[in-house]
Amino acid sequence: MESIVDSLKKQREQVLHSSDDEVLRRHMSLLEIAVISLHNRLVNRMASESERFRSSGAIVAMGHLGRGVLGPQDPVSLLWLRTETFPWDETAQQEITAPLVEAGWRVSLRCATIPELLEEAASQVAFFFELLDARYLSGNRQLIGELDHALDDFIAGRQQVLFNHLYTGIRGRHARFSRAEDWLEPDVLESPGALKDIDAIRYAARVLLDVRCFDDAIFQGYLTRKEVDRLQGAEKKLLKWLNLLRAVRGDRQSVLDFQVQEILAEKLGYSGRSGFLPVESLMQEVHETLHDVFCVSSEFCERLQETGKIEGTPAPSGEPVHVEEGVSLLSGRLHVDPARYEPTAANVIRLYSLAARHGAGFSSASRRWLHHHRSVVETAAADPGVQEAFLDLLASDDSHLSVIRRFYNDGFLRALVPETALVHALVQHDAFHVYPVHEHHLRTLREIKRLQAGEYRDEEPELTVLAQETAGNRWLLLAALFHDIGKHVGSRHAKHGADMFPVMAQRLGLSPEGTDLVTFLIRHHLLLMDTASMRDLGDMELLVQCARTVGDPEKLHLLMVLSFADMMATGPRAVQKWRETPVRELYQRLADLLEKGEPGEEILAERVQRLKEAVYERVADLVDRSRLEEHFRDMAPRYVLTSSPEAVARHLRLEMELGPGPDAFVWEVEKENGGVEITVVSREMPGFLAKSAGILTLHDLDIRDARIFTKKNGVMILVFRCRFVSPSAVEPDWAVVQADLRRLLEGRLALDYRIAFHAATRGATRPHPLIPSPSRVLVDNDSAKEYTIVEVYTMDRPGLLYTITRTLLDLQVRIYVAKITTKVDQVADIFYIKNHRGEKVTDREQVEELRRALLFYLDGPSRAAL
């Protein structure tokens, strides 16, 4: 016994430590030989009873073992199928299972007769489907044949009940498309297009069509040869990933969680390519595979429906309704008459447009006609009607995009625009971009249609009106569908996509005007979000440059709608970013500039005067006009241009409360948009921004924006916009926060120690970065006339803003604006700075020292030397 166990254990360990494509085959061969050998050894020990023992029972493989695809980490399910006269005892069972268990497998072996199995199957549908995978291993082969016939009889009276169980599972899995986490971390068992969808097709074929394998379904017309090849190839890949996942994790999980994805990519030998990580190559193949299976599963179910195999499907009735020459509508399906409908590229695309307009599907014959003529779409450049047919399709479908998705899944978008293949299933391995690029494109188009349909009327009323005004612009829909087409090159995807589009447009036969507009929208689809999140909106020169880039109000409107849809279709973090970013404020300022032109001195003077009057109405009980004029004279122009009357009035009132001491300060907290705005007014003192930021960090406030205004009279105004670290976080005791800041200024609180201790104690509960990307520090002296802009990209962590501002303070740098935003899985901290003389930081030595110091504190000594 020991020699058998040792041999099995050794061979199993060898299989466990390999990750090539032959793992399943070698594991199955090892396990099956082991089970057969152990059974034969047991039978041979029976002496005179051996023949009776063998003839009255059979060892049967169940589940994945039955299908020959059991992984080394999976439990082994065996059935001892017996007759009523089988001489059973538990010792015999142990003779087979004990060596396998000692060798490392988890084994279950049950003993039952056929009637007992069918009785259990009648009460547990899931167990019935396990029986469909039963496969003979050893003993009396005739018994497995009898089980198979018994299962046929069992199915005969329960076809619809059994299929409804499968169909409910398919629809439930397909509903997971709406869950962002299923895209970011797919489940190779449960996700749409995963292993359970393949199982459902296999079981449905047995239950409804009485076929034992995929190939038999081809002869009945429910699957094609190509579809079967896709299913079999996908199953092999999915099982390989599942078994390796379980080997890595050491458990039964089937979710490709984010960290494990990188490990799997390394073990499977995926290599990176320019601009992409090895893990992104793996996950692209995962999403391609899931998409393939999903498409086959959807088509298979549609064929079952059309042939009446699915209960409740209405039979075709009534007279066909004429739609146009060669096309009719019957029972919700379009029917093509091949003799009267010419197979041109425009007509093929138009058929999808008609389906969208009528809310219809296609008959089986029409689907075959479409697939047969897909090649004509690949030569669409010769067909002048393609542009109108394609744009009409984009405009005709509703916000569910059921027809456009079908157009994509049927391969017609790739045939029409081959460049889409470059971004099919393409992923970015971060938690910001949740969806593969092709899915993101479709969702962006969907979000525009939802916005135009009024689905965001309550939360985005102004944007809804704007979108509805652009509803007739089909070029916007085209831009949504292709705005990230350049992502296959990696960085600067907007530029690359814009450079690609004119060639695509020529093939589609687009007009020059439409080509120029879509190219513009692709090139600048990030302009509003990037500017609003990473630049100072009080910089008039910046605003003027943005307005010149946009050119006219119509383009601005289209960019605004596209920006919203892009963010809504990216993932939950992008939705949060849209809500936190002052993109509406930027849009309004650019709209004013485009409508009224660049403001001259007279216009600016009038604007300031209107602001003064509005402020005076709010503070007349506190200050006279001369005091108000003094306040405005003391402030920089950017304060006047960016502050509302309410904010200026609030600042004045706080300043009047400010005490005489050098470390005196007053503050006010206002709730806004799920976060808070904290205004602090103090005497100018070195490092006050860094100290304030540190105190807010200690109280779990995540600073998203900080603006600093210093008056000529030495009064400093700091405005922080913060959110709570988590939605469930308890609002801090503001009196305690204020007291801590006072203790810090009085030298009774050691801030560096407190922040380090706070970070250490929160380490166990704070989410770890998904990918530890190296930090980057960029120093820009070109984008702003009066300021140097420092961009810091790094992983988020407690005390980050404090670390950066303290480092800049060491270099005698003054900060005027700090903006914190999300850039993929890093945060981007943007600072508008000047040196101690009030000038831009242009000294090369100081710039390099600044860069190295920040990298040292962010990433450690090794990065500072770069």
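Because the structure is a prediction, the values reported are computed rather than measured. Numbers given to residues run from 1 along each chain, matching the order in which its sequence is written. Under the rules for a predicted model, residues below a pLDDT of 70 receive no local features and side-chain atom pairs below 80 are neither given nor counted, while totals for whole chains, interfaces and linings still include all residues. To get the side-chain values, all heavy atoms of the structure are used, and hydrogens and water are removed first.

Within the protein chain one finds 41 helices and 16 strands. For the protein chain, the spread of C-alpha atoms along the three principal axes comes to 115 × 75 × 50 Å. A 1.4 Å probe rolled over the protein chains alone gives each residue an accessible area, and that area as a share of the maximum for its type sets the label: buried under 20%, exposed over 50%, partly exposed in between. For the protein chain, the residues scored as buried account for 56% of the 866 residues in total. Here, two residues are considered to be in contact whenever any of their heavy atoms come within 4.5 Å of each other. If you take every contact in the protein chain between residues at least 6 apart in sequence, the share linking residues at least 24 apart comes to 70%. Per-residue and other accessible areas follow the Shrake-Rupley method at a 1.4 Å probe size, with only the shown protein chains counted as cover for residues. A total accessible area of about 37700 Å² is found for the protein chain, and carbon and sulfur atoms account for 50% of it. Helix and strand labels come from DSSP, where a helix needs a run of H or I of at least four residues and a strand needs a run of E of at least two; each type is numbered from the N terminus.

What follows concerns the sheet that holds strand β8 (residues 361-362). For two strands to be treated as a pair, DSSP must find no fewer than two bridges joining them. Judged by pairing direction, the sheet is mixed, and its 4 strands sit side by side in the order β5-β6-β7-β8 without closing on themselves. Looking along the sheet, the strands with just one partner apiece sit at the ends: β5 (321-324) and β8. Pairing of strand β7 (residues 333-336) with β8, which is carried by 2 bridges, proceeds in the parallel orientation. If you follow arginine 333 over to β8, its bridge partner there is glycine 361.

Note on terminology: disulfide denotes any pair of cysteine sulfur atoms within 2.5 Å. For the coordinates displayed, the defined rule picks out 0 disulfides. In this model cysteine 295 remains outside any disulfide bridge; the closest cysteine sulfur is found in cysteine 301, 13 Å from its own. Cysteine 295 gets classed as buried once you look at its relative accessible area, which sits at 12%.

Moving on, we get to the pairing of β5. Pairing geometry for β5 and strand β6 (residues 327-330), over 3 bridges, is antiparallel. Across the sheet, residue glutamate 324 finds its bridge partner in β6, namely valine 327. Taking the residues that link successive antiparallel strands as the turn, the β5-β6 hairpin has 2 residues, and the phi of glycine 326 there is positive, at about 85°.

One open sheet accounts for 4 strands, arranged β3-β2-β1-β4; its pairing is mixed. Strands at the two margins of the open sheet, each flanked by one partner only, are β3 (107-112) and β4 (135-139). Between one strand and the next, the sheet's axes are offset by a mean angle of 25°, whatever the strand orientation. Bridging between strand β1 (residues 57-61) and strand β2 (residues 76-82) involves 5 bridges; their strand directions are antiparallel. Comment: axis = line fitted to C-alpha atoms, over the contacting stretch for helices; angle = value between 0 and 180 degrees taken between N-to-C directions.

All right, on to the pattern of salt bridges then. We define a salt bridge as a side-chain nitrogen of Lys or Arg found within 4 Å of a carboxyl oxygen belonging to Asp or Glu. Counted according to the given criterion, the structure contains 82 salt bridges. A salt bridge links aspartate 182 to arginine 179; the nearest nitrogen and oxygen atoms lie 3.1 Å apart. Among the ionic contacts, a cluster of salt bridges with common partners joins Glu227, Glu299, Glu302, Arg303, Glu306, Arg333, Arg367, Arg406 and Asp410.

Summarising the element assignment, arginine 443 is placed in helix α22 (residues 437-452). Since its relative accessible area comes to 14%, arginine 443 is described here as buried. Throughout this description, a polar contact denotes any pair of N or O atoms lying within 3.5 Å of each other; where both atoms belong to protein, one of them has to be capable of donating a hydrogen while the other can accept it, and for residues adjacent in sequence the pair is counted only when both atoms sit in side chains. In this structure the side chain of arginine 443 is engaged in a polar contact, spanning 3.3 Å, whose partner is the side chain of tyrosine 435. Ignoring anything within four residues of it in the chain, the contact list for arginine 443 reads Phe177, Ser178, Trp183, Arg405, Tyr435 and Ala569.

For the rest of this paragraph, the subject is empty space enclosed by the protein. Put plainly, a pocket is an open set of points on a 1 Å grid over the protein atoms alone with protein on both sides within 12 Å along at least five of seven lines, a cavity is a set where a 1.4 Å probe fits but cannot get out, and a lining residue has an atom within 4 Å of a point. Grid points are joined across faces, edges and corners, and a volume is the space filled by probe spheres set on the points. Scanning the model with the defined rule gives 5 cavities of 30 Å³ or more in all. Along the wall of the largest cavity there are 14 residues; nearest its centre are Trp183, Leu184, His287, Val427 and Gln428. Those elements that place two or more of their residues in the lining of the largest cavity are α10 (180-184), α14 (258-267) and α15 (278-306). Each residue is assigned to one class: nonpolar for Ala, Val, Leu, Ile, Met, Phe, Trp, Tyr, Cys and Pro, charged for Asp, Glu, Lys and Arg, and polar for all the others, Gly among them. Split by residue class, the lining of the largest cavity holds 8 nonpolar, 5 polar and 1 charged. Empty space within the second largest cavity amounts to approximately 70 Å³. Considering the residues around the second largest cavity, the lining is formed by Val427, Gln428, His433, Val434, Tyr435, Val437, His440, Asp484, Lys487 and Thr570.

Every helix has an expected span of 1.5 Å times one less than the residues it contains. Here helix α5 (residues 90-102) contains 13 residues, and its C-alpha end-to-end distance of 17 Å stays within 8% of the 18 Å for a straight helix at 1.5 Å per residue. Axes are fitted to the seven residues ending at a residue and to the seven starting at it; the angle between these axes is taken as the bend at that residue. The largest bend along α5 reaches roughly 30° and is located at isoleucine 96, with the proline proline 99 sitting one to four residues downstream. For α5, the full list of buried residues reads Ala92, Gln93, Glu95, Ile96, Thr97, Pro99 and Leu100. The first or second residue beyond α5 is glycine 104, which carries a positive phi of 120°.

On a scale of 0 to 100, pLDDT captures the predictor's confidence in every residue. On average, the protein chain scores 90 in pLDDT, and the residues at 70 or more come to 96%. Highest mean pLDDT in the protein chain belongs to α22 (98); lowest belongs to helix α41 (residues 861-864) (69). Here residues 764-769 scores under 50 on pLDDT; set against residues more than four positions off or in separate chains, the count is 6 contacts.

With that settled, the discussion passes to helix α13 (residues 225-249). Over its 25 residues, α13 runs 36 Å from end to end, which matches the ideal 36 Å to within 8%, given 1.5 Å per residue. Trailing α13 by a residue or two, glycine 250 shows a phi angle of about 75°, which is positive.

For the rest of this paragraph, the subject is the side chain of histidine 440. Among the structural elements, histidine 440 can be located in helix α22. Given the relative accessible area of 6%, histidine 440 is considered buried. Within the local environment of histidine 440, its side chain forms a polar contact with the side chain of histidine 483, the two groups lying 3.0 Å apart. Every residue in contact with histidine 440, bar those within four places of it in the chain, is listed here: Tyr435, His483, Asp484, Asp566, Ala569 and Thr570.

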